[in-house]
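# Examination of the molecular architecture
The residues making up each chain are set out below.
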Amino acid sequence: MLNQDKLFDIFPDPLFLLNAEKAKDYLVSLIESGITDIEAHFQKHPLAIVKLANKAKFLETNQAAVHFYQAQNKLQLLKEIRNRQPDHFQLSFSKDLMTFFEEKTDLEIRLNYTTLADKPLSLKLKILFIDQENPSFERMLLIVHDITEQVRIEKIQDAIYKISEFTHEVHDLQELYPFIHKTVNQLVLAKNFYIALA
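Residues numbered from 1 in each chain as written. Predicted model: local features only at pLDDT ≥ 70, side-chain atom pairs only at ≥ 80, totals over all residues. Heavy atoms only, no water.

### Description of the packing of aromatic side chains
Two aromatic rings are characterised by how far apart their centres lie and by the angle between their planes. Going through the model one piece at a time under the given rule, you end up with 4 aromatic pairs. Ring geometry for Phe 16 versus Tyr 69: centroids 6.1 Å apart, planes at 50 degrees, classification tilted. Residue Phe 16 is found in strand 1 (residues 16-19), and its partner Tyr 69 is found in the loop between helix 5 (63-68) and helix 6 (74-82); the two are separated by 53 residues along the sequence. Each of the two residues, Phe 16 as well as Tyr 69, counts as buried. Seen in terms of ring centroids, Phe 166 and Phe 179 are 4.0 Å apart; in terms of plane orientation they differ by 20 degrees. Their pairing is stacked. A residue pair is termed long-range when its members are at least 10 positions apart, and Phe 166 in helix 7 (residues 148-169) and Phe 179 in helix 8 (residues 173-185) qualify at 13 residues. Residue class for Phe 179 comes out partly exposed when judged on its relative accessible area of 22%. Through successive ring pairs, a cluster of aromatic residues spans Phe 16, Phe 58, Phe 68 and Tyr 69. (Phe/Tyr/Trp six-rings, centres within 6.5 Å; stacked < 30°, edge-to-face > 60°. Helix = DSSP H or I, 4+ residues; strand = E, 2+ residues; numbered from the N terminus. Buried < 20%, exposed > 50% of the residue type's maximum accessible area, 1.4 Å probe, protein only.)

Given below as structure tokens:
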């Protein structure tokens, strides 16, 4: 029978094991310092998001990630990712964090990195409470998920939607083709992309 570590290593999709405990401590310290609007604080001080992200430590990865990011081995990949800063981040709040103790609150931060071989890596930091009935900082978890594949699918779906919508608006094919080319180029390098009509 395969143990958990072995299953993690041979899983067919890239996986990363992270420890977000220090990131959680940093978030709690911001709130305890008197910051009443975390969303506004992060918007005004984007480096605080970078600092939060950097406190989530990459501990381990699997063979599929080594292959996907074209690294020589796990150590090289982990070292490379640990030294990267996020290229882009996106905040999503359902309520201000100071309402923690009144009702369920969600904080979600998406972080996008460019890694080895210019491959993207997207992470999602999300707050969860172990005890929803009695939420407290002691019962709070800051979970980090690798959402690279989810983001890739979202981009493809968005591109399909944009092309579909534009085809209903445009009246000239000479406008449609450049738009399709531009949209596809946002997903993959489309320098040699051609549209052939049969």
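### Some details on the packing of helix 2 (residues 21-32) against helix 4 (residues 46-54)
The relative placement of two packed helices is expressed as an angle between their axes plus a distance between the axes. Look at helix 2 against helix 4: their axes get within 7 Å of each other, and the N-to-C directions meet at 145 degrees. Between helix 2, through Ala 23, Tyr 26 and Leu 27, and helix 4, the contact on the second element is made entirely by Ala 48, Lys 51 and Leu 52. Partitioning the contact of helix 2 with helix 4 into residue classes produces 5 nonpolar, no polar and 1 charged. (Axes fitted to C-alpha atoms, helices over the stretch in contact; angles between N-to-C directions. Contact = heavy atoms within 4.5 Å. Nonpolar A, V, L, I, M, F, W, Y, C, P; charged D, E, K, R; others polar.)

### Concerning the pattern of salt bridges
Taken as a whole, this structure holds 3 salt bridges when the rule is applied. One salt bridge in this structure joins Lys 74 and Asp 9, with 2.5 Å as the shortest N-O distance. Pair noted here: Lys 74 is in helix 6 and Asp 9 is in helix 1 (residues 4-10), with a separation of 65 residues, a long-range link. A residue is classified by how much of its surface remains accessible, and Lys 74, at 22% relative accessible area, is partly exposed. Among the ionic pairs, Lys 24 bridges to Glu 21, the shortest N-O distance being 3.9 Å. Separated by 3 residues within a single helix, Lys 24 and Glu 21 lie in helix 2, roughly one turn from each other. We classify Glu 21 as partly exposed; its relative accessible area is 40%. (Salt bridge = Lys/Arg side-chain N within 4 Å of Asp/Glu carboxyl O.)

### Thoughts on the confidence of the model for the protein
Parts of the prediction with low pLDDT should not have their coordinates interpreted in detail. Of all residues in the protein, 78% have pLDDT values of 70 or greater, and the mean over the chain is 76. Below pLDDT 50 for its whole length, residues 94-104 participates in 31 contacts with residues either more than four positions away or in separate chains. (pLDDT = per-residue confidence, 0-100.)

### Focus: helix 8
A rise of 1.5 Å per residue sets the reference length of helix 8, with its 13 residues, at 18 Å; its end C-alpha atoms lie 18 Å apart and thus fit the reference within 8%. Residues of helix 8 that are buried: Leu 176, Ile 180, Thr 183 and Val 184. All buried residues of helix 8 lie within an arc of 95 degrees about the axis, which places them on one face of the element. Turned more than 90 degrees away from the buried face of helix 8 sit Gln 174 and Lys 182, all of them exposed. Residues of helix 8 that are buried in the fold lie against helix 7. Capping of helix 8 at its N-terminal end is provided by Asp 172; its side-chain oxygen lies 2.9 Å from the backbone amide nitrogen of Gln 174. (Expected span 1.5 Å × (residues − 1). Arc of directions from axis to C-beta. Polar contact = N/O pair within 3.5 Å; in protein donor to acceptor, adjacent residues only side chain to side chain.)

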